[in-house]
Amino acid sequence: MCHRQLRLWKATQCGHLTFTGETNIDCGSRDCFNSSAHPATCGAPGSGTACRCRRYYTQPERIITHEENVKCPRCS
């Protein structure tokens, strides 16, 4: 399944994570609507069938890029 990678940094004084960015990860599956491998003709008008492929992302992967010995912006 396609999913997102969330990039976060951790403030060690309060333990909170702060979001810095995200990347969409392509699963490469033909039956996933979000994938680049999904055929453009799937469920096309005039084909007589609707696209029944998965249209959702799975749980995001959380990646802590670094830790700092400070409080997060909310706590400081």
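In case you missed it, the structure is sitting above this.
Residues numbered from 1 in each chain as written. Predicted model: local features only at pLDDT ≥ 70, side-chain atom pairs only at ≥ 80, totals over all residues. Heavy atoms only, no water.

**Focus: the side chain of His38**
Position of His38 relative to the elements: it lies in the loop between strand E2 (17-25) and strand E3 (61-68). Judged by relative accessible area, which is 13%, His38 ranks as buried. Once residues lying within four places of it in the same chain are set aside, the contact partners of His38 are Ser29, Arg30, Cys32, Phe33, Cys51 and Cys53. (Helix = DSSP H or I, 4+ residues; strand = E, 2+ residues; numbered from the N terminus. Buried < 20%, exposed > 50% of the residue type's maximum accessible area, 1.4 Å probe, protein only. Contact = heavy atoms within 4.5 Å.)

**Some remarks on the environment of Ala11**
With respect to the element layout, Ala11 can be found in strand E1 (residues 3-11). On the basis of relative accessible area, Ala11 is assigned to the buried category, the value being 0%. Counting along the chain gives 57 residues from Ala11 to Glu68, while the straight-line C-alpha distance between them is 5.2 Å.

**Side note on the sheet that holds E3**
Across the sheet, which stays open at both edges, the three strands sit in the order E2-E1-E3 with mixed pairing between neighbours. Either end of the sheet is taken by a strand with one partner, and the two such strands are E2 and E3. Averaged over all adjacent pairs, the angle separating strand axes in this sheet is 20°, with direction ignored. Sheet topology note: the E1/E3 ladder contains seven bridges and is parallel. Residue pairing in the sheet places Leu8 in a bridge with Ile64 of E3. (Pairing = 2+ DSSP bridges. Axes fitted to C-alpha atoms, helices over the stretch in contact; angles between N-to-C directions.)

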